[in-house]
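Listed below are the residues making up each chain.
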Amino acid sequence: MRLIEPGWSTELEIRNNVAWRDLTVTPVLRTAAGAEIALQAVIVPPEHVESIDVREALLSAAPSLLDQNGSFGSVVYRYSGMSEGNIFGASHV
């Protein structure tokens, strides 16, 4: 996934599939070099979607990655839940 290379923009969407409780989700970006950058945790209400603008989130978490060639990688979502199906994560580039 091209996260924040020059000319690219990425938005993460996280859906809570649990009908009865909030989930606290921490998106973690993994760079191609293997570094991990944890973004601010997001509380997602039951059966709702929260969006994160990766560029905005990195302004405080890792501004040196912004607009650099080679700034790409993947994302993982850390949360407490009973199943991997408790959340749905998507990215829009």
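Cut-offs used in this document
- Residues numbered from 1 in each chain as written.
- Predicted model: local features only at pLDDT ≥ 70, side-chain atom pairs only at ≥ 80, totals over all residues.
- Heavy atoms only, no water.
- Helix = DSSP H or I, 4+ residues; strand = E, 2+ residues; numbered from the N terminus.
- Rg over C-alpha atoms; globule rule 2.2 N^0.38 Å.
- Buried < 20%, exposed > 50% of the residue type's maximum accessible area, 1.4 Å probe, protein only.
- Contact = heavy atoms within 4.5 Å.
- Areas by Shrake-Rupley, 256 points an atom, 1.4 Å probe, with all protein chains shown as cover.
- Lys, Arg positive; Asp, Glu negative; His and termini not counted.
- Charge placed at Lys NZ, Arg CZ, Asp CG, Glu CD.
- Arc of directions from axis to C-beta.
- Polar contact = N/O pair within 3.5 Å; in protein donor to acceptor, adjacent residues only side chain to side chain.
- Core = buried A, V, L, I, M, F, W, Y, C linked by side-chain atoms within 4.5 Å.
- pLDDT = per-residue confidence, 0-100.
- Pairing = 2+ DSSP bridges.
- Axes fitted to C-alpha atoms, helices over the stretch in contact; angles between N-to-C directions.

Caption draft 1: Quick peek at the overall build of the protein. For the protein, the helix and strand inventory stands at one helix and seven strands. Along the protein, helices (α) and strands (β) appear in the sequence β-β-β-β-β-α-β-β when read from the amino end. Taken over the C-alpha trace, the protein has a radius of gyration of 13 Å; the compact-globule value for 93 residues is 12 Å, and the two agree within 12%. With the C-alpha coordinates aligned to their principal axes, the bounding extent of the protein is approximately 40 × 20 × 20 Å. Counting all 93 residues of the protein, 32% fall into the buried class. For the protein, long-range pairs separated by at least 24 residues make up 70% of all intrachain contacts whose partners lie at least 6 apart in sequence. For the protein, the accessible surface area stands at approximately 5400 Å², while carbon and sulfur atoms represent 51% of it. Positive and negative charge centroids in the protein, built from 6 and 11 side chains respectively, lie 6 Å apart.

Caption draft 2: Quick look at helix α1 (residues 54-61). Those residues of α1 lying buried are V54, A57 and L58. Taken end-on, α1 shows its buried residues confined to a sector of 95°, consistent with a single buried face. Among the exposed residues of α1, those oriented more than 90 degrees off its buried face are E56, L59 and S60. Between the side-chain oxygen at the start of α1 and the backbone nitrogen of R55 there is a gap of 2.9 Å, and the oxygen is on D53.

Caption draft 3: Broad picture of the environment of L66. Tracing the backbone shows L66 in the loop between α1 and β6 (73-79). When the C-alpha atoms of L66 and N16 are compared, they prove to be 29 Å apart, with 50 residues separating the residues in sequence.

Caption draft 4: Examining the nonpolar core more closely. Membership of the largest hydrophobic core comes to 19 residues, with the highest contact counts inside it found for L39 and L58. Breaking this core down by element, the ones donating at least two residues are β1 (11-16), β2 (23-31), β4 (42-44), α1 and β6. Residue contacts for L39: discarding those within four places in its chain leaves L12, T26, P27, L29, I52, A57, L58 and A61.

Caption draft 5: Representation of the confidence of the model for the protein within the structure. Per-residue confidence for the protein averages 88 on the pLDDT scale, and 92% of its residues sit at or above 70. When mean pLDDT is compared element by element in the protein, β4 scores highest at 97, while α1 scores lowest at 88.

Caption draft 6: Quick look at the sheet that holds β1. One open sheet holds the three strands; their spatial order is β5-β1-β7, and the pairing between them is antiparallel. Sheet topology places β5 (49-53) and β7 (87-92) at the edges, where each strand pairs with a single neighbour. Each adjacent strand pair in this sheet contributes to an overall mean axis angle of 20°, direction not counted. Across the sheet, α1 lies against β1 and β5, angled at about 60° from β5, the strand it touches most.

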